[in-house]
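Structural overview for review
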Amino acid sequence: MTHSIPPLRLLALAASLLVTSLHAQTLKVVAEASSYVVLKDGKVAGPASEIVEASLQHAGLTDHRIGIYPWARAYDMALQEPNVLIYLIARTPARETQFKWAGEFMRIEYHLYKLRERQDVTVRKLEDAKRYSIGVMRDDVRQLYLKDQGFGRLITSSQNVDNFRKLLSGQVELVPMPESDAQAFCEQAGIPFAKIEKVLTLDALTTGIYMAYSKATPDETVARTKAAFDKLKADGTVGRLMGSGKH
């Protein structure tokens with residue numbers, strides 16, 4: 001004797017299985033290397049990574065995989081794939097509806113740096129910087145901003161540290177980065193921070209740095225992550241750890 005399942009129950013069962021499948025998927029967590037995200041003993045570490053891990057653990061989202069990628073690749077994965085969490089990402093008007101925002105780590109300023117010995121490189125206002133080659137990362141907020149401002153001598157790299165190396169070797173004359181990254185790169189290169197000079201602050205780029213989910217990620221996942229992150233921010237954990245990333 002066979003028993004048929006009513007169509008409405010079939011639809012409900014299918015919907016339930018779909019939701020279960022979505023929630024069972026492993027979260028892909030992606031980031032670019034910086035002073036806050038580092039590879040240590042084969043594992044992704046650093047202040048921002050520690051905050052992300054704690055947020056996901058407290059949210060009960062233990063099935064996740066974290067990796068460091070060139071920025072353009074990490075950004076593309078977060079744009080195109082479901083269940084992707086990206087950090088640290090600047091929250092800009094252009095990106096507002098492209099992601100589901102889950103928590104602000106800090107406010108950040110970007111500055112243009114040159115080699116202090118390059119007396120021939122003089123920048124007093126943004127327009128002056130158009131005369132020089134500038135190292136940027138593809139699809140990064142700095143590249144997009146400078147391109148929109150009419151800059152034509154932008155040299156793209158896959159990682160910010162590559163731009164810093166190009167500055168040291170004379171392949172580019174300026175690089176835009178936060179002071180914390182500039183200090184960290186100098187430390188890694190074994191050179192004094194005084195070897196480079198801050199010539200201009202890009203005020204228009206001062207913004208919040210967040211972690212954000214791809215649009216196709218379930219809202220419940222986003223809400224649970226945000227609630228856990230907010231608790232860490234409220235008890236001072238986020239501020240303490242991000243402060244430790246400033247060398």
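**Examining the pattern of salt bridges**
- Scanning the model with the defined rule gives 20 salt bridges in all.
- A salt bridge links D128 to K125; its shortest N-O distance comes to 3.2 Å.
- In this structure D128 comes out as buried when scored by relative accessible area, which is 10%.
- Close ionic contact of R165 with D162 constitutes a salt bridge, the shortest N to O distance being 3.1 Å. Of this pair, R165 and D162 both sit in helix 5 (residues 160–169), three residues apart, which is roughly one turn of the helix.
- A relative accessible area of 21% places D162 in the partly exposed class.
- Sharing partners across several salt bridges, the network here consists of R118, D120, R153 and E173.

**So, unusual backbone geometry**
- For the peptide bond that leads from Y87 to L88, omega is -10°, which places it in the cis range.
- With respect to the secondary-structure elements, L88 resides in strand 5 (residues 84–90).
- Positioned with a positive phi, D41 is a non-glycine residue whose angle comes to about 55°.
- With respect to the helices, strands and loops of the structure, D41 is situated in the loop between strand 2 (38–40) and strand 3 (43–45).
- On the basis of relative accessibility, which here comes to 76%, the residue D41 falls in the exposed class.
- With a phi angle near 55°, N83 is a residue other than glycine that sits in the positive phi range.
- Mapped onto the secondary structure, N83 falls in the loop between helix 3 (71–80) and strand 5.

**Quick notes on the confidence of the model for the chain**
- Overall, the prediction assigns the chain a mean pLDDT of 90, with 89% of residues at 70 or greater.
- Taken together, the stretch residues 10–23 has pLDDT below 50 and engages in six contacts with residues farther than four places along the chain or on a different chain.

**A few points about the nonpolar core**
- Ranked by internal contacts, the top residues of the largest apolar core, which has 48 residues, are Y87, L88, F105, I134, L174 and M242.
- Judged by nonpolar contacts, the second largest core, of 15 residues, contains V30, Y75, I86 and Y210.

**Here's the deal with the packing of aromatic side chains**
- Scanning the entire structure with this criterion turns up seven aromatic pairs.
- Considering the side-chain rings of F99 and W101, the 5.8 Å spacing of their centres and the 65° angle between planes classify their relative orientation as edge-to-face. Assigned by exposure class, F99 and W101 land together as buried.
- Ring centres of F105 and F229 lie 5.5 Å apart, and the angle between their planes is 70°; this geometry places the pair in the edge-to-face category. Of the two residues, F105 sits in strand 6 (residues 99–108) while F229 sits in helix 7 (residues 219–234), which places them 124 residues apart along the sequence. You'll find F105 and F229 in the same group, each marked buried.
- Each residue in the set W71, Y75, F99, W101 and Y210 is aromatic and connected to the rest through ring pairs, giving one cluster.
- When the ring centre of Y210 is taken as reference, the NZ or CZ atom of R91 above it lies at 4.9 Å.

**Digging into helix 7**
- If you check helix 7, its first and last C-alpha atoms are 22 Å apart, about what 16 residues at 1.5 Å a residue would give, namely 22 Å.
- Looking only at helix 7, the buried set comprises T221, V222, T225, A228, F229 and L232. Taken around the axis of helix 7, the buried residues stretch over an arc of 140°, which confines them to a single face. Pointing more than 90 degrees away from the buried face of helix 7 are the exposed residues D219, K231 and A234.
- In the segment just after helix 7, G236 is the residue with positive phi, at about 90°.

**With respect to the sheet that holds strand 10 (residues 175–177)**
- Here we have three strands laid out as an open sheet, ordered 10-7-11, and antiparallel in their pairing. Edge positions in the open sheet fall to strand 10 and strand 11 (196–201), since each of these has one partner strand only. In this sheet, adjacent strand axes meet at a mean angle of 40° when their direction is disregarded.
- Relative to strand 11, strand 7 (residues 111–115) runs antiparallel, the two being bridged by five bridges.

**Here's the deal with the side chain of S157**
- Looking at the secondary structure, you find S157 in strand 9 (residues 154–157).
- Owing to a relative accessible area of 9%, S157 belongs among the buried residues under this scheme.
- A polar side-chain atom of S157 sits 3.0 Å from a polar atom in the side chain of N163.
- A distance of 2.8 Å separates polar atoms of two side chains, one belonging to S157 and the other to K166.
- Among residues more than four places away in sequence, those in contact with S157 are V136, M137, R138, D162, N163 and K166.

The rules behind these values
Residues numbered from 1 in each chain as written. Predicted model: local features only at pLDDT ≥ 70, side-chain atom pairs only at ≥ 80, totals over all residues. Heavy atoms only, no water. Salt bridge = Lys/Arg side-chain N within 4 Å of Asp/Glu carboxyl O. Buried < 20%, exposed > 50% of the residue type's maximum accessible area, 1.4 Å probe, protein only. Helix = DSSP H or I, 4+ residues; strand = E, 2+ residues; numbered from the N terminus. pLDDT = per-residue confidence, 0-100. Contact = heavy atoms within 4.5 Å. Core = buried A, V, L, I, M, F, W, Y, C linked by side-chain atoms within 4.5 Å. Phe/Tyr/Trp six-rings, centres within 6.5 Å; stacked < 30°, edge-to-face > 60°. Lys NZ or Arg CZ within 6 Å of the ring centre and 35° of its normal. Expected span 1.5 Å × (residues − 1). Arc of directions from axis to C-beta. Pairing = 2+ DSSP bridges. Axes fitted to C-alpha atoms, helices over the stretch in contact; angles between N-to-C directions. Polar contact = N/O pair within 3.5 Å; in protein donor to acceptor, adjacent residues only side chain to side chain.

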